[in-house]
Amino acid sequence: MSEALASTLTHLEALVGFDTRNPPRAIGTAGMFDYLQANLPGFRFQLTDFGAGAVALLAVRGNPKRVFNVHMDTVPDSPAWTASPHVLRVTADRAIGLGACDIKGAAAAMLTAAARTTGDAAFLFTTDEEANDARCIAGFLAQGHGFTEAVVAEPTNCEAVLAHRGIASVLMRFQGQAGHASAANALKLSALHQAIHWGEAALAFVESQSHQRFGGLTGLRFNIGRVEGGIKANMIAPSAEVRFGFRPLPSMDTSQLHAHFKGLADPAALAHYEATFFGPSLPAGDVAQAEAKRLAARDLADELGLPIGNAVDFWTEASLFSQAGMTALVFGPGDIAQAHTADEWVALDQLASYTDHLIRLFSRP
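The following paragraphs examine the structure supplied in this document. All of these numbers come straight from a predicted model, not from anything done at the bench.

Quick word on the sheet that holds strand E15 (residues 345-347)
Next up, step 1: With antiparallel pairing, the three strands of this open sheet are ordered in space as E4-E5-E15. In the strand order of this sheet, the two ends are held by strand E4 (89-90) and E15, each with one partner.
Next up, step 2: Two elements, E4 and strand E5 (residues 94-96), share two bridges in a ladder whose sense is antiparallel. Residue pairing in the sheet places valine 90 in a bridge with alanine 95 of E5.
Next up, step 3: Contacts from helix H10 (residues 348-362) reach E4, E5 and E15, with the element oriented near 65° to E15.

Printed below as a string of C-alpha cells:
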C-alpha cells in the first residue's frame, strides 16, 4: 500500500466516524468541519450554516479558478449492515463504511492531496446533497466567488462524466364525486379512475420518447412512485393523489414536459399539479446549447488529463454549477452500484487512483 493511500484511508476512517446521516439533517458546524480545517493548513476558510443541517465549508489556497465539490452527508444506514456503519473496515481490496463510496472517500483523498502539494486549490464541502433541498450550492453560488469551473465528486469509477439526466418530482391531486360504486357513472366520477387513466396516458407518452438521445443516454426515464386515495371498494373515490418523477435528457425542455404531463389529465378532474423538486440536467440551461457545453466540459477533462466516461442516468449537483454558467463535470472514486447499499464500500484501487490524480492536479503551478 502506498503512503498516499494509507493517508487517505486514515482520513476516511475519521470522516466515516462522523455521523452525517441525512435525514435527520442534524449536522452542525463543529466536529467534522473542525477536522477538515485542521487538516488543510495554509487554506483560507469560509464556513456557512444555511440551516436544516445544510453546512458548507469553502477552503481556498492560492488563486484557483476551479472548485472541487464533495458532499459530506450520507443516506441513513439500514438494519442490513453487518457491523457499525460508522467504523471503517478495510479489507485486502475495499474500504467499508457509511459514506465511504458516496462520497467521503473523495474528501479523504482531497485532504491527502492538499498535504502533499502547494499549488492552487479550492474545496467546497457540503452537507445537504441527500436532502432534496439543495441549499449549500445555491448559497455558495449566490455569494459570487468567481470560480469558472467545477469538478463535482460522485462515484464515477475515476472517469470524467460530462452529461447526466435532470430530475423532476411532481405531486398531482385528482378530484371526483363520492357516491355508491354501483352507479353507472362511477367509472368517470372516481378520482382514482381518473388517476389511473392519467397514468396509462403518461406511460404511453414516455414509451413514445424512447428514440430521443443525447451523449449516449436514450429516452425519458419515468416512475409513478405513489398512488393513494379512495375510501373502500363500494364507494366512489372522491379524491386521489399521485406522486411521480421523470428524468429528462439535457436536450429535453423540462417545462414542456411538465405541460405535457399536466395536459394528459382530464381538466375537470385535475385539482392540483405541483413540481415539488427540480434538478437540471448536465449540461444545464438552454437545450440548444447543451452539446456546446458538453464539448467545453470535454475540453476541461482533456486539460486535466482525466479519462472520459459515459454519461450517467443518476443526478448530481454538477448541474447546479453548470446552470450558473460554469463549466462542470463529475469525477470521483467508486461505483454508483455500491452507493446507498448496506455495507457500502469503495475499492482501494479507486481511492489510490483518485488520490494520485488530485496530487498531480494540485502540484501544477
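Having put the structure on the table, let's press on.
Describing the side chain of histidine 258
Next up, step 1: With respect to the helices, strands and loops of the structure, histidine 258 is situated in helix H7 (residues 254-263).
Next up, step 2: Taking the relative accessible area as the measure of exposure, histidine 258 reaches 14% and is therefore buried.
Next up, step 3: Sequence-distant contacts of histidine 258, defined by excluding residues within four places in its chain, comprise Ala168, Val170, Phe246, Tyr273 and Ala275.

Looking at the side chain of threonine 112
Next up, step 1: Relative to the elements of secondary structure, threonine 112 occurs in helix H3 (residues 100-115).
Next up, step 2: A polar atom in the side chain of threonine 112 sits 3.0 Å from the side chain of threonine 8.
Next up, step 3: The residues contacting threonine 112, other than those within four sequence positions of it, are Ala4, Ser7, Thr8, His11 and Thr355.

Some words on the nonpolar core
Next up, step 1: Grouped together as the largest cluster of nonpolar side chains are 55 residues, with contacts concentrated most on Val70, Met110, Phe123, Phe125, Leu329 and Tyr354.
Next up, step 2: Contributions of two or more residues to this core are made by helix H1 (3-17), helix H2 (32-38), strand E2 (55-61), strand E3 (66-71), H3, strand E6 (121-126), helix H8 (290-304) and H10.
Next up, step 3: The dominant element in this core, judged by the number of residues it contributes, is H3, at eleven residues.
Next up, step 4: Every residue in contact with phenylalanine 125, bar those within four places of it in the chain, is listed here: Phe33, Leu36, Leu40, Val55, Ala56, Leu57, Val70, Met72, Ala107 and Met110.
Next up, step 5: Counting residues in hydrophobic clusters, the runner-up holds 29 residues, among them Ala168, Phe205, Phe222 and Phe261.

Conventions we followed
- Residues numbered from 1 in each chain as written.
- Predicted model: local features only at pLDDT ≥ 70, side-chain atom pairs only at ≥ 80, totals over all residues.
- Heavy atoms only, no water.
- Pairing = 2+ DSSP bridges.
- Helix = DSSP H or I, 4+ residues; strand = E, 2+ residues; numbered from the N terminus.
- Contact = heavy atoms within 4.5 Å.
- Axes fitted to C-alpha atoms, helices over the stretch in contact; angles between N-to-C directions.
- Buried < 20%, exposed > 50% of the residue type's maximum accessible area, 1.4 Å probe, protein only.
- Polar contact = N/O pair within 3.5 Å; in protein donor to acceptor, adjacent residues only side chain to side chain.
- Core = buried A, V, L, I, M, F, W, Y, C linked by side-chain atoms within 4.5 Å.

Don't take any of this as a statement about function, it's just geometry.
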